[in-house]
Amino acid sequence: MQCVALKVQDLSKHFIIRKSVFSKKKIINAVNKISFEVKQYESLGIIGESGSGKTTIANMLLKLIDSSEGSIELFGVNITKLSPDAMRSHRKDIQIIFQYTHAVLDPKMTIEELIKEPLEIHKVVNEDEYDAEVDRLLTMVGLSSSERKKFPSQLSGGQNQRIIIARAIATRAKLIICDEPVSSLDVSVQGQILNLLVKLKKELGLTYVLISHDLSVVKHMCNRIAVMYQGEIVELGETGKVLSNPTNPYTKKLIASILD
Ligand SMILES: Nc1ncnc2c1ncn2[C@@H]1O[C@H](COP(=O)(O)OP(=O)(O)O)[C@@H](O)[C@H]1O
Ligand SMILES: [Mg+2]
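Every value quoted in this text rests on a predicted model; they were computed, and no experiment measured them.

When two helices pack together, you describe them by how their axes are tilted relative to each other and by the distance separating the axes. For the pair helix α3 (residues 111-121) and helix α4 (residues 130-140), interaxial distance at closest approach is 10 Å and the crossing angle is 110°. Our classification of the angle between α3 and α4 gives roughly perpendicular. Together, Ile111, Glu112, Ile115, Lys116, Leu119 and Glu120 of α3 and Tyr130, Asp131, Glu133, Val134, Leu137 and Leu138 of α4 make up the contact between the two elements. In terms of residue class, the contact of α3 with α4 is built from seven nonpolar, no polar and five charged.

Right, let's talk about the site of ligand 1 for a bit. Every residue close to ligand 1 is listed here: Phe15, Ile17, Ile28, Ala30, Glu49, Ser50, Gly51, Ser52, Gly53, Lys54, Thr55 and Thr56. A distance of 3.1 Å separates an oxygen atom of ligand 1 from a polar backbone atom of Gly53. At a separation of 2.8 Å, an oxygen atom of ligand 1 approaches a polar side-chain atom of Lys54. Burial of ligand 1 by the surrounding chains reaches 60%, relative to a free accessible area of 560 Å². Listing elements by their share of the shell around ligand 1, those giving two or more residues are β1 (4-17), β2 (26-39) and α1 (54-61). Looking at the shell around ligand 1, the element that brings in the most residues is α1, giving three residues. The class makeup of the residues in the shell around ligand 1 is four nonpolar, six polar and two charged.

Taken as a whole and assessed by the stated rule, the structure comprises 14 salt bridges. Across the pair Glu133 and Arg136 runs a salt bridge whose closest N-O atoms are separated by 3.0 Å. Taken together, the residues Glu133 and Arg136, both in helix α4 and three residues apart, mark about one turn of the helix. The buried category is assigned to Glu133, whose relative accessible area is 7%. The partly exposed category is assigned to Arg136, whose relative accessible area is 38%. Among the salt bridges present, the one from Glu203 reaches Lys199, with a minimum N-O distance of 3.5 Å. One end of the pair is Glu203 and the other is Lys199, both in helix α6 (residues 187-204) and four residues apart, which spans about a single turn. Lys199 sits in the partly exposed class, given a relative accessible area of 32%. Bridged by salt links that share partners, the residues Glu112, Lys116, Asp131, Asp135, Arg148 and Lys149 form one connected network.

Definitions and cut-offs
Residues numbered from 1 in each chain as written. Chains lettered and ligands numbered in written order. Predicted model: local features only at pLDDT ≥ 70, side-chain atom pairs only at ≥ 80, totals over all residues. Heavy atoms only, no water. Axes fitted to C-alpha atoms, helices over the stretch in contact; angles between N-to-C directions. Helix = DSSP H or I, 4+ residues; strand = E, 2+ residues; numbered from the N terminus. Parallel < 35°, antiparallel > 145°, perpendicular 65-115°, else oblique. Contact = heavy atoms within 4.5 Å. Nonpolar A, V, L, I, M, F, W, Y, C, P; charged D, E, K, R; others polar. Near = heavy atom within 4 Å. Polar contact = N/O pair within 3.5 Å; in protein donor to acceptor, adjacent residues only side chain to side chain. Areas by Shrake-Rupley, 256 points an atom, 1.4 Å probe, with all protein chains shown as cover. Salt bridge = Lys/Arg side-chain N within 4 Å of Asp/Glu carboxyl O. Buried < 20%, exposed > 50% of the residue type's maximum accessible area, 1.4 Å probe, protein only.

Shown next, in the form of structure tokens:
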């Protein structure tokens, strides 16, 4: 039986902002009572326009920020209230692939050091195996060991995105959250990175939550999609069904935008 990799129930995030100590508090309901499930080996796409709450969901799933209410279960374990210490043993099961920007990879670290970092943190292999493991991971993401001593600034955007992917799979993660994994790349390179994600999913038996503002990106990758609008999931279902019979006006608009 396919187990449930991720179960999210009534999850919300309210940001309280105050421009200065004198101004009134303002509450932003970035994510509002969303619920969804992802079965193991499945790919769920989350689409929605900029500001609809997608990255906030990713940050809550990774526990990079606390949620305001609701619960998150990761492979049957409720991680919602786990302390950073208790979360540590689950951290390697769930990884994130960020959109490549210069802020994601430390420019002072070599490619070799960047890939070794998660191996060390999560003690994935013994120290004497680091070198072979870095080579293995580079090959898996379509790069060669000749890149090892280079810095991110010496690689292209697509190659750096591959390094980010190598770091995510280094921990042997079972569930990977991809937040706009190709948005910063040229269209020609986007396809190559998406193909790489498909290949790795097959080879490693991964489960994906693929977040994008671009419906054409999730359309071919995901068997189910959730459509976000202003912090809420307004439509959730099998990709084919949602696309052929959208019920929500926002989903209809999204679909129209990829047809032209
Ligand atoms: N740390 C934060 N403090 C205050 N507001 C935030 C913070 N992070 C995100 N937001 C707000 O929450 C909403 C959702 O943002 P985000 O999750 O980044 O959307 P998306 O990834 O879909 O573009 C936006 O209105 C954004 O301005
Ligand atoms: Mg975002």
